[in-house]
Amino acid sequence: MASFLGFAKASVAWEGQRTFRASSPGTTRGFCAACGTPLSYMSTRWPGEIHLYAATLDKPELFTPESHVHWAERVPWLRIDDDLPKHPHSGPFSMPSQKET
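This report concerns the structure included in the present document. (Residues numbered from 1 in each chain as written. Predicted model: local features only at pLDDT ≥ 70, side-chain atom pairs only at ≥ 80, totals over all residues. Heavy atoms only, no water.)

With respect to unusual backbone geometry
Keep this limit in mind: Elements are defined by DSSP. Helices are runs of H or I of four residues or more, strands are runs of E of two residues or more, and each kind is numbered from the N terminus. Exposed residues in this analysis have more than 50% of their type's maximum accessible area, buried residues have under 20%, and partly exposed residues fall in between, with area computed by a 1.4 Å probe over protein chains only.
Non-glycine residue histidine 70 carries a positive phi angle of around 55 degrees. Mapped onto the fold, histidine 70 is located in the loop between β6 (63–64) and β7 (97–98). Residue classification places histidine 70 among the partly exposed residues on the basis of a relative accessible area of 36%.

Remarks on the packing of aromatic side chains
In plain terms, the rule: Pairing of aromatic side chains requires ring centres within 6.5 Å, counting the rings of Phe and Tyr and the six-membered ring of Trp. Pairs whose planes differ by under 30 degrees are stacked, by over 60 edge-to-face, and all others tilted.
Per the stated rule, a full pass over the model turns up four aromatic pairs. For the pair tyrosine 41 and tryptophan 46, a centre-to-centre distance of 6.5 Å together with 55 degrees between the ring planes defines the contact as tilted. Residue classification places tyrosine 41 among the buried positions, given a relative accessible area of 17%. Here tryptophan 46 falls in the buried class, since its relative accessible area comes to 13%. Through a chain of ring-to-ring contacts, the aromatic side chains of Phe4, Tyr41, Trp46 and Tyr53 assemble into a single cluster.

In C-alpha cells:
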C-alpha cells in the first residue's frame, strides 16, 4: 500500500540522482539511482504533474489528504474513517494542501 501526493513538476526540487523506467505506455517511474527506492510516478494522463511517494518525503505530515483514489482496489482489512471523497479508480487529482507551520 502506498500514498502519493501530486505536485506540479516545476515545483519539485531533487537532491541526488534519479533513474527512470517506462513501466507502461505513457507512464514513467523514478527511482533513487543509488539504492533503487521508488520515488515518483509520472503519466501522460496528468501532464505537468509528478506524483511522489509520501513515505519518501522528509515531512509528509505537512500535507493534508484531499481524497482517496483506487478505493475499489484496497485490501479488505483497510479501515479509513474519514469523510474524504473515495474514488473507485484514479479520480480527479489536485495539488495537495500544505499545513501552516
